[in-house]
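Fold and geometry: a report
One letter stands for each residue in the lines below.
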Amino acid sequence: MGGTSVWFGWLALALAMTCRSISGFLLEGSPSSFAQFPRWVPGANGSLEFEFLTQEPSGLFLYTDDGGSYEFFEVKLIEGSVRLHYNLGGGARLLTVGRGLNDGRWHRVKVSRRHDKTQLTVDGVSEFRSAKALDHEFGSPASNSFVYVGGLPELVSRQVGARLTLPVVTLEPRFAGQIRQLVYTGVDGIPRTQDMVASQGVWMEGRHGDCDQHDPCMNGGRCYSSGHGPLCDCSLVNYEGPNCEKERPSEEATFRGREYLWWDLRRIGGQPLASQHDQLSLSFKTRHPAGVLFFTGHGKDYVNVALREGGVLVTLDMGGDPLKVTVRPDKVRFDDNQWHTVTVHRTVKEINGHTSFCTLSVSVDGLYTEKGTTAGPFSQLSSSRIHLAGADVPALLPGAETRSNFVGCLRKVEYRADSVRLDLIRMAREGNPLLHVSGKLDFMCLEVEAGDPVSFTTQESYLVLPSWEAPRQGSISFKMRTTEANGLLMFNSGSVSSQGDFFALELLEGHIYLHLNLGSGSRKVKATNRRVDDGWWHEVTLNRDSQAGRITVDEGANDFTTPGDSHQLDLDGALYVGGAGNGINVPPELWSGRLGLGYVGCMRDLVINGQAADLASYAKKQDSGSIVRFCHSDGGSCSSSPCLHSGECKAGWGRFICDCSHTSYVGPTCGKNAATLHFDGSQYVRVTAGEESSTQAEDIAFRFRTNRPVGLLLTTTSGVSSDKLELALQSGRLRLTVKLGDRDKVMYAGNGLNDQQWHSVKLTRRATQISLQTDKDPPTIEHTMGRHSILEYRDIHIGMVSSNTSTSWRPSSTFLAPSSTLSSTPLASSASSSSSPSQVPVPAFIGEMQSFYMNGNYLFEMARSGHVDRLEVTATFTKGPQVIHHPVTFKSKSAFVALPQLKAYASTNIYFQFKTLEPTGLIMYNGGKGHDFLALELVNGHIHLVFNLGSHPVKVRDNNKVALNDNKWHVVTVSRPSPRQHTLMVDDNIATATNGAGDENLDLQGFLYLGGVPPEMYTSLPRHVMSKTGFEGCLASLDLNGEAPDPAGKDVPIISNRVFAGCDGPSTKCHRNACANGGTCVQQWNSYSCNCDMTSYTGPTCSDESTAYEFGRGTGIMSFKYPQGRWPDSRRDLLAVGFMTQQEDAVVLRLDSANSNDYMELEIVDGNIFMVYNMGTEDHPIGDVTTKVNDGLYHVVRFIRTGPNATIQIDDYKVFSKNPSENVQLSDLKVLKKLRSRIWHGHQLSVFNAQSHLQIGGRRSRRSTDIERPFMGVMSGLVLNGEHPLDLAAERDPRLEVEGDVHLLLRLPRGLPSEGRQTEFNPWQRTPPLPGPSPGEGDDLVFSGAGSGCDMDDEDECIPVFDTGSGDDLITPVYIPPTLPPISKPPPHAFIPDVDVGGSRQPCDDEEDCYIGSGSGEFNTDGGVMPDGDSGGDDIEVEFPVTNHPMLAPDVIHSEEHEPTHYNKNKDPGSGPTTTGSTLAFTSSSTTSTTSPPTRPPMKGSNTKPTATSYPPSLPQPSPPTYDYYDEYTDFTEEEFPKKPTVIKEDPPDLHSEAAGGVALIISIIAGALIIIILIILLVLKFKGRQDGNYKVDQTKNYEGIPTMPTPMINGQGNGNIKPGDRRPVKKQSKDVKEWYV
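Here goes a summary of the coordinates provided. (Residues numbered from 1 in each chain as written. Predicted model: local features only at pLDDT ≥ 70, side-chain atom pairs only at ≥ 80, totals over all residues. Heavy atoms only, no water.)

What follows concerns the overall build of the protein. Along the protein, the regular secondary structure elements total 11 helices and 105 strands. Looking at the 1638 residues of the protein, the share that counts as buried comes to 54%. Within the protein, contacts between residues separated by at least 24 positions form 71% of all contacts whose residues are at least 6 apart in sequence. For the protein, the computed accessible surface area is about 70500 Å², with 50% contributed by carbon and sulfur atoms. (Helix = DSSP H or I, 4+ residues; strand = E, 2+ residues; numbered from the N terminus. Buried < 20%, exposed > 50% of the residue type's maximum accessible area, 1.4 Å probe, protein only. Contact = heavy atoms within 4.5 Å. Areas by Shrake-Rupley, 256 points an atom, 1.4 Å probe, with all protein chains shown as cover.)

The seven strands are arranged β78-β77-β76-β75-β82-β73-β84 in an open sheet whose pairing can be described as antiparallel. Of all strands in the sheet, those with a lone pairing partner are β78 (953-957) and β84 (1054-1055), marking the two edges. As paired elements, strand β75 (residues 921-928) and strand β82 (residues 1004-1010) share four bridges and run antiparallel to each other. Residue pairing across strands places Tyr925 opposite Tyr1009, the latter belonging to β82. (Pairing = 2+ DSSP bridges.)

Strand order across the open sheet formed by seven strands is β7-β6-β5-β4-β11-β2-β14, with antiparallel pairing between neighbours. Either end of the sheet is taken by a strand with one partner, and the two such strands are β7 (93-97) and β14 (198-200). Between one strand axis and the next, the sheet turns through 15 degrees on average, direction left out of account. (Axes fitted to C-alpha atoms, helices over the stretch in contact; angles between N-to-C directions.)

To continue, consider the state of the cysteines. In a disulfide, the sulfur atoms of two cysteines are covalently bonded to one another. Scanning the model with the defined rule gives 10 disulfides in all. The partner cysteine of Cys1034 in its disulfide is Cys1063, sulfur to sulfur 2.0 Å. Taking the sign of the torsion about the S-S bond as the criterion, the disulfide between Cys1034 and Cys1063, at about 90 degrees, is right-handed. Here Cys1034, found in strand β83 (residues 1033-1040), pairs with Cys1063, found in the loop between β85 (1059-1061) and β86 (1080-1083); they are 29 residues apart in sequence, far enough to count as distant. Residue Cys1034 is classed as buried on the basis of its relative accessible area of 2%. Taking the relative accessible area as the measure of exposure, Cys1063 reaches 5% and is therefore buried. In this model, Cys1075 is linked to Cys1090 through a disulfide, with the two sulfur atoms separated by 1.9 Å. (Disulfide = S-S within 2.5 Å.)

Let's shift gears to a nonpolar patch on the surface. Taken together, the side chains of Ile1562, Ile1566, Leu1570, Ile1573, Ile1577 and Leu1581 present a nonpolar region at the surface, about 540 Å² in accessible area. The residue Leu1570 is located in helix α11 (residues 1554-1584) in this model. (Patch = residues over 30% accessible without salt bridge, like charges linked within 9 Å, V, L, I, M, F, W, Y side chains within 5 Å. Salt bridge = Lys/Arg side-chain N within 4 Å of Asp/Glu carboxyl O.)

As defined by bridge partners, strand β1 (residues 24-27) adjoins strand β12 (residues 177-185) across four bridges and the pair is classed as antiparallel. When the sheet's bridge partners are listed, Leu27 is paired in β12 with Gly177. As defined by bridge partners, strand β3 (residues 45-53) adjoins β12 across six bridges and the pair is classed as antiparallel. Bridge pairing in β12 places Glu49 opposite Val183. Summarising the sheet, β12 and strand β13 (residues 191-193) pair through three bridges and their orientation is antiparallel. Across the sheet, the residue bridging to Tyr184 is Arg192, located in β13. If you look at the hairpin formed by β12 and β13, you'll find five residues sitting between the two strands, and Gly189 has a positive phi there, around 80 degrees.

This paragraph deals with the environment of His340. You can see His340 is positioned in strand β28 (residues 340-350). Put simply, His340 and Phe284 are 56 residues apart on the chain and 5.5 Å apart in space, counted from C-alpha to C-alpha. The residues contacting His340, other than those within four sequence positions of it, are Leu282, Ser283, Phe284, Arg333, Phe334, Val364 and Asp365. Separated by 2.8 Å, the side chains of His340 and Asp336 make a polar contact. (Polar contact = N/O pair within 3.5 Å; in protein donor to acceptor, adjacent residues only side chain to side chain.)

Turning next to the pattern of salt bridges. If you walk through the whole model with that rule in mind, you get 53 salt bridges. For Asp335, the salt bridge identified is with Arg333, shortest N-O distance 3.1 Å. Classification of Asp335 as buried rests on a relative accessible area of 13%. Residue Arg333 is classed as partly exposed on the basis of its relative accessible area of 43%. Overlapping salt bridges, with partners in common, bring together Asp1145, Arg1150, Asp1152, Glu1161, Glu1163, Arg1259, Glu1268 and Arg1269 in one network.

This paragraph deals with the pairing of strand β94 (residues 1168-1174). Remark: a regular strand shows side chains that alternate across the two faces of the sheet. Most of β94 sits inside the fold, with seven of its seven residues counted as buried. Of the two faces of β94, the one carrying Asn1168, Phe1170, Val1172 and Asn1174 and the one carrying Ile1169, Met1171 and Tyr1173 are both buried. Strand direction decides the pairing type here: strand β93 (residues 1159-1165) and β94, joined by seven bridges, are antiparallel. The partner of Glu1161 across the bridge, within β94, is Val1172. The loop that links β93 with its antiparallel partner β94 comprises two residues; one of these, Asp1166, has a positive phi angle of about 55 degrees. Relative to strand β95 (residues 1180-1184), β94 runs antiparallel, the two being bridged by five bridges. When the bridges of β95 are listed, Met1171 appears paired with Ile1182.

Let us now look at the side chain of Arg385. Mapped onto the elements, Arg385 comes out in strand β32 (residues 385-388). Lacking a salt bridge, the buried Arg385 has Asp264 as its closest oppositely charged neighbour, with an N-O distance of 4.5 Å. Among all residues touching Arg385, those that are not within four sequence positions of it are Trp263, Asp264, Arg266, Phe295, Thr296, Gly297, Leu397 and Pro398. (Lys, Arg positive; Asp, Glu negative; His and termini not counted.)

Pasting the structure below:
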């Protein structure tokens, strides 16, 4: 019974009954059974209680609500437990009590309220919850519904939108059992037994039903009694029939991507379904790898089940931590068009009153199971929304991991939420009022057009269909899907006799445009108002009738009318879909066709004039490699960072796109060196179009570098028009001139582009809109004047306009004259002009260009690959370093790799690198349809290209002169410049072959094999392939028609044994002694390199001295400044520096921030090294107090900071670490007070913001010019965060400024002289390099390193000016003391400098020539005179003053002379005693000009401040002074300056006899006399050749070669340009006088 008549029938029966108390009744549990009782109005304090008896595990006890707002009470039995589900305004709550209550016994249930507390009691066991609400009253007597027991009347169930607060209560199973003693307690607290108002399927207590005597129901069906005997309810089981005896067919439905099922209780004001346990079970079949399967949720709670990449992904969030479970077994995919069953279980277990534990289990086919758990403050999952197979915008569903709706078949979809069971497909078919169907759904499983959708995977792919026959009327419709913004969808050209008829559809900037020309004018229609590159299917429909038509995209329609009087569309030739073939002439207004932008995306359901076109069938017959069946959006992602060399990755449709425009590389992954051309002012590149070309759109991009402020970069010429597009440099700026018709447009971009740095240029024109951009600056966008938008040209000139241009009329490349020569009209502007101003010719470009891209073609790459048909190149290709990526090693001739089919249908572009020792082997093979194939093989050490387009095979052999199996990397490029021309380039040698008449397309199919083929295939290879074995060696850097697969990657279909990633050929590998001094060995493919940044050394093995500078006592400083606005923020800093000093207090270096108080300062305190750094909170000191660094020896400091934490190490001693806390440690407090640093308690920051200013050798505050705590000594090998400031100073980098007494050294000393004691210096503290001879080993002579002017360790190059009488070229020392103090005995083993590092000493063959200091270099002072020494003791302590020499221009040596300055005898702080009065001189040959030192700059505190020399940017900057360091810091102590000559041997005996003493006395007297004579000669020659003592250095001149006037190395410093490490011998000139000072 049902309907309104049933309802009124039962109501009449109820009124006819006497109002008597019902002590008990039986509910049969049928689909229509219920009992209705009066309204319950408990107020703020009330209760409801009843007793029940049943054997069924689940069923609805009672339900009542406030009439459809939000308050309700629902009491039900779930798996033998009583559940109270209620909402009193503070949100839904659940209370569950009891277990196993379906035991056939009576149980008592009571629901009571006390204001905000609600309690459920079952058999004396209670649970309660509190809920905050504005009003604790439950509804009102006027609006509250009846209390329904056992179920709801059918009439109420149908009106779920207007009558029920909890609509899903109608889905609860009906209660089957007995109920008695239903009692209400109201606000008065008096319990009242309630009388039944209406009922159906209710029997009085004590009556036995028909089912008690006979239960005919089978397979779990529920039996209930009726007036006609027992009946069976089969709604809860998968069976049907009168007795549930027949299995019910599974409910199925077909979804095509636009259909889905959904419900949303929010739209009808209903409360959500709440459950603690739920289960989803469904079966699916699909070919699509991604799509939404099922979603349910409410607010932030959700469960989302989807397909992704062929696997099942489930995401869940219940207010705790989100949970994600994925089932994707290895080598198993579920998008195989087979049935798969997914089961999802979710259970919640309450741990305490505030935290619950959720377990999620996902199983596919019962074979693959994954689980996940999460915890949080939740107790239930609320569900107000359900979606099956998708949504309007699936990406907006919470937890969405896919953007696609499901495409395929679903069946047997069942969702259980506690006791609610939803058979969704069946409910949709039966028209359940809660469930809605979107789209036209077929309730059966149909094949979803498996062959219809196709994917265009590259911009070069296209299909050729018959011409669109639509002379008077016609229609085209299709569906498309993509995420790429540009591409040609369709194009059909007109017949030969037509007047320009054509039809086209294109995608531009995400919008669809229609182009239609009937011969009397073109019409361009924008068909969309919103972008369609969103990854969803969009339907496009075009209908045309004569001149009128309508184009519709999805639901939006646009009407159009073609211009002119033509009514007929005369098309001829092919209809191109997805792009246009090579050589197809497209009209200029079709921008995507002109720019070479093919469509990349999916297309399906193509219908032409009402007839379906099978795109999949066309793709199979044509380009099955680039156009694949089905719609695939996977295949490329930027998440794996595929772009190399800082290329920028952009996501495309099923692919990634690498933007290499700001790099020096090209290729699909920026993995190939860009072709770089050098232009010398007379060279050019010319591109000939062959005939006049007309365009409305251009895309031009390239990179260039030059030091010239002017030069022509690009211009076009035409034979019939004055149109011009010209790019040039003018005053270091980029100038664009566009002339269309009679109007010019001039634009500028960039500034200072002639800085010899690489700059990128991007020019985009779309009709009258022009965008010009340099580097990463914002683009400049302007519009041209006038109505013209078409540019006509024939030739494109790069670098200069060649004289043999093919155009008959050629505009001259010109610049506008300076603004002063232009029109005096105030409105004159350089941005646009309609008249021709004064013009001057544009000079040819001098510099380099690379990565030249124009309208889809890389011109320089085409030229390098041999595409010479349209290119004339006279510029010179330069070579860069070879780049290797994704290498793979084939270690056996039977090894191979199978890749997807090569996409080479209409064009071929293959690039790879290889190296091997084997002369023969198959490198690449792809078979095809019929006779088509392509193979690359190595035959007798040469590459052979063999292919067949279907007519006959063609073989091309490389023309290299030597065999290629030399274990060196070689580059192979295979190209197809035209349909019949094929090129093979190996390294730089090109071989060309021409294919005869016949097919022009390469129809390949199957796998592309690399390294060989399976062994059984060699016998079936084409007979022209000679290889019978595979390739053994390394392959790398694959580029296959724009794709760069990894042959050893995880996505490769087949990889045989003996194939390994990397190149494991014969190579040099890292070993423990590869790098000296703690350098880090970096393994490369065929060698290794050493990273020396943290060693203070340089060279290939970190064993060479780095650039060193001397910081003298005259105070000096270096300043390095980062470019304005490019200050780096650093979370990690690395610093290494080597130094020698004797100071107890000095600042070594300091790094400051540009916009904060962040800084780092390396300083010496009490002879210990400290680094103090501050990241914005407080000063943190870290240092080594156990090691003194002011001992004059060489020390290396390594400092690493990561956030607030840091480590420091001196030499190879202990590493000290610093991990700052919020409170300052006591040890740090003492150091900070000593350093006068600020102290700040608080949170530690971690980023050094805006590093801008590095000071080396001291520090200078911003408000003072004095150098505080200057460093005095030697500094070498400074590296800070990868920067080498000392190297920059030596290279005259303009960012680094040198001031004061700072000088470049050619080599380091072994140490600084000790003060007040005799010391024999140790070798440098460094690790020995690789085995081999050290510099200087094997030398037979003790030589001079600095003052002689010799850069080589060969004394033969150093010829003395005059003969000393000894008969040799050794230096003869002369000692002239003013007074002879008592002579102390020299040590028996004096240290002789310039011996090998290992410390071995060479014996003296001539005692007269073996003096301490012989061959050592110079100790120079101002004027060549040593200061007087103190006469108070035996020891002579010497202070060596320092001079300051300005930096000079390269290769220029000027001479300066100044009067010598007498120095104060008092010691400077930290210096040794002052020495006066003694004079030491050595004499030797000279090959350099002479000079005297300038006046010494004042020390800190004087009025005169040291200044830095600056140079105009247009002039060559001078190099820093270069010195061979043998001046004041040498390998001598004071005792090593004897009062008389001393004989030195390998093991000299002690002198005890008087005869020996007498001999020594005679030798000293003779030597003294010789010195006096030589000194007199020197003085005479010096004053004779001396002129004016002051010379001005002309820094504007750049002299080449070596001046004829030699200059000595004064104080170890010469005003020359000698770079460190430059050891070229200086040829002998005249025998000029050379002064040596010691």
